[in-house]
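Fold and geometry: a report
Chain residues, written in single-letter form:
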Amino acid sequence: MKRREFITLLGGTAAAWPLVARAQQAERMRRIGVLMGLSESDPEAQSRIAAFRKTLQDLGWTEGRNVRTDYYWAAGDIDRTHALAKELVNSAPDVIVVNTPPGLSALRVETHTIPIVFVQVLDASESTVVLNPARPESNVTGFTNFYEYGVSGKWLALLKEIAPSVSRVAILQNPNHPSWVGYQGSIAKTAPLLGVQPIRAQVYTPADIDNALDALAREPNGGLLVLPDTFTTVHRDKIVALAVPVQSSTKFELIINLKTAKALGLEVPPTLLARADEVIE
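Residues numbered from 1 in each chain as written. Predicted model: local features only at pLDDT ≥ 70, side-chain atom pairs only at ≥ 80, totals over all residues. Heavy atoms only, no water.

What to know about helix H2 (residues 43-58)
Here is the rule we go by: Comment: elements are numbered from the N terminus, with helices defined as DSSP H or I runs of at least four residues and strands as E runs of at least two. The length a helix should cover is 1.5 Å for every residue beyond the first. Under this definition, polar contacts are N or O atom pairs within 3.5 Å; protein pairs additionally need one hydrogen-donor-capable and one acceptor-capable atom, and for neighbouring residues in sequence, both atoms have to be side-chain atoms.
The end-to-end C-alpha separation of H2 is 23 Å, in line with the 22 Å expected for 16 residues at 1.5 Å each. The opening residue of H2 is Asp-42, an N-cap whose side-chain oxygen sits 2.8 Å from the backbone nitrogen of Glu-44. In the segment just after H2, Gly-60 is the residue with positive phi, at about 95°.

Written out as structure tokens, the structure reads:
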């Protein structure tokens, strides 16, 4: 199957599989295997799948009539991703769709013959061995979501522009993600120019997220940069909840209610009254 023979819509990226003659479609049921990085219950995942199904329908591919789609849900788990990639390839679909770099890397180990269409992958040449993006010669093709790793340096610059007092920024991502080195390299070059200390917040488990943000909160002028990957997407609600700013009091006032003190039989010392910001008679 050539590059332009399959276009799909998944994760906000459009792709296509042009219609063949109706007679040809009726020959046999086509099978698509989809490896998703999110969990099946994730609303974002369901939104993407709905868009994918609608596009297939618009192109004449109806589930149960001329196409069958099997979904595999990794839920942000790298080990599970590799196991599902093997299972998917063993099922021998006509084409595979994948929306994460770890999923794509795992599939590349399992097959060099089944056509693979990827979306949401940053560096196709590095992750998929697509040496010539204009004319890919392997079984892999698809769509990248950013131009290059330098975009992470721009994200850091935007954070500094929005919050000029920020001097320390935790860079949150799972190091198992293929983009880890590329993103970190770009940020390391940009940070000194902005007067920012980048902190590598490597997170493998939900508990690591708690520890990373707790450490960041111990000192003032901290910022957070969450790099895109399946792990941070799966745990986005937790990250957002932990990152909500906590306001600390900077001014304290001593108010003494003499009426209440008298009712309790207490005599307030003159020295304490002198220190009070307000005295209620």
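Quick look at the pairing of strand E9 (residues 197-202)
Our working rule: Two strands qualify as a pair provided that DSSP identifies no fewer than 2 bridges between them. Orient the strands so they point away from the viewer; a crossover is then right-handed if the path from the first strand over the helix to the second runs clockwise.
Relative to E9, strand E8 (residues 168-173) runs parallel, the two sharing six bridges. Its bridge partner lying in E9, Arg-168 is registered against Gln-197. For the handedness criterion, the β-α-β arrangement of E8, helix H7 (residues 180-194) and E9 is classed as right-handed.

Observations concerning the sheet that holds strand E3 (residues 30-36)
How we decide: What counts as an axis is a line fitted to C-alpha atoms, over the stretch in contact for a helix, and the angles between N-to-C directions run from 0 to 180 degrees.
Strands sit in the order E4-E3-E5-E6-E7 across an open sheet of five strands; the sheet is parallel. One side of each edge strand has no neighbouring strand; the edge strands of this open sheet are strand E4 (67-73) and strand E7 (140-144). Taken over all neighbouring pairs, the strand axes of this sheet differ in orientation by 20° on average, direction set aside. Bridging between E3 and E4 involves seven bridges; their strand directions are parallel. Among the inter-strand pairings, Arg-31 is bridged to a residue of E4, identified as Arg-68.

What about the side chain of Thr-190?
Note the following rule: Exposed residues in this analysis have more than 50% of their type's maximum accessible area, buried residues have under 20%, and partly exposed residues fall in between, with area computed by a 1.4 Å probe over protein chains only.
Mapped onto the elements, Thr-190 comes out in helix H7. Residue class for Thr-190 comes out buried when judged on its relative accessible area of 18%. Only 3.1 Å separates the side chain of Thr-190 from the backbone oxygen of Ser-186, close enough to count as a polar contact.

Some details on the packing of aromatic side chains
The following threshold applies: In summary, the pairing rule links any two rings of Phe, Tyr or Trp, Trp by its six-membered ring, whose centres are within 6.5 Å, and it sorts them by plane angle into stacked for under 30 degrees, edge-to-face for over 60 and tilted for everything else.
Taken as a whole, this structure holds two aromatic pairs when the rule is applied. Ring plane angle 25° and centroid distance 6.1 Å describe the contact between Tyr-71 and Trp-73, whose orientation is recorded as stacked. For Tyr-71, a relative accessible area of 19% gives the class buried. You can call Trp-73 buried: its relative accessible area is 12%.

Regarding the sheet that holds E9
Spatially, the three strands line up as an open sheet ordered E9-E8-E10, and their pairing is parallel. Looking at which strands have only one partner, the edges of the open sheet turn out to be E9 and strand E10 (222-226). Between one strand and the next, the sheet's axes are offset by a mean angle of 25°, whatever the strand orientation.

Here we look at the packing of helix H3 (residues 78-90) against helix H4 (residues 101-110)
Rule in force here: To sort the angles, those under 35 degrees are grouped as roughly parallel, those over 145 as roughly antiparallel, those from 65 to 115 as roughly perpendicular, and the leftovers as oblique. Throughout, a crossing is termed right-handed when the near helix is turned clockwise from the far one, and left-handed when it is turned anticlockwise from it by less than a right angle. Whether two residues touch is decided by their heavy atoms; if any such pair falls within 4.5 Å, the residues are in contact.
Contact pair H3 / H4: the axes reach a minimum separation of 9 Å and the direction vectors enclose 45°. Compared by their axis directions, H3 and H4 come out oblique. For the pair H3 and H4, the crossing hand works out as right-handed. Two secondary-structure elements touch here, H3 through Ile-78, Thr-81, His-82, Ala-85, Lys-86 and Val-89 and H4 through Pro-102, Gly-103, Ala-106, Leu-107 and Glu-110.

Details of the nonpolar core
Rule in force here: Buried Ala, Val, Leu, Ile, Met, Phe, Trp, Tyr and Cys residues form a nonpolar core when they are joined through side-chain atoms within 4.5 Å.
Within the largest apolar cluster, 17 residues are counted, with the highest numbers of intra-cluster contacts made by Leu-35, Ile-96, Val-98, Leu-104, Leu-107, Ile-116 and Phe-118. Residue assignment for this core shows that the elements contributing at least two residues are H3, strand E5 (95-98), H4 and strand E6 (116-121). Ranked by the residues each element gives to this core, the list is headed by H3, at four residues. For Ile-96, the contacting residues outside a window of four places in its chain are Gly-33, Leu-88, Val-89, Leu-107, Thr-111, Ile-114, Pro-115, Ile-116 and Val-117. Core analysis: the second largest hydrophobic core is formed by 15 residues, Met-36, Leu-38, Ile-49 and Leu-56 among them.

Topic: the pattern of salt bridges
We apply this condition: Salt bridges, as used here, are contacts in which a Lys or Arg side-chain nitrogen is within 4 Å of a carboxyl oxygen on Asp or Glu.
Under the definition given, this model contains eight salt bridges. Taking the shortest distance from any N to any O, the salt bridge between Glu-219 and Arg-168 comes out at 3.7 Å. Of this pair, Glu-219 sits in the loop between helix H8 (206-217) and E10 while Arg-168 sits in strand E8; the two residues are 51 residues apart in sequence, bridging distant segments of the chain.

Everything listed is a geometric property; what it means functionally is a separate question.
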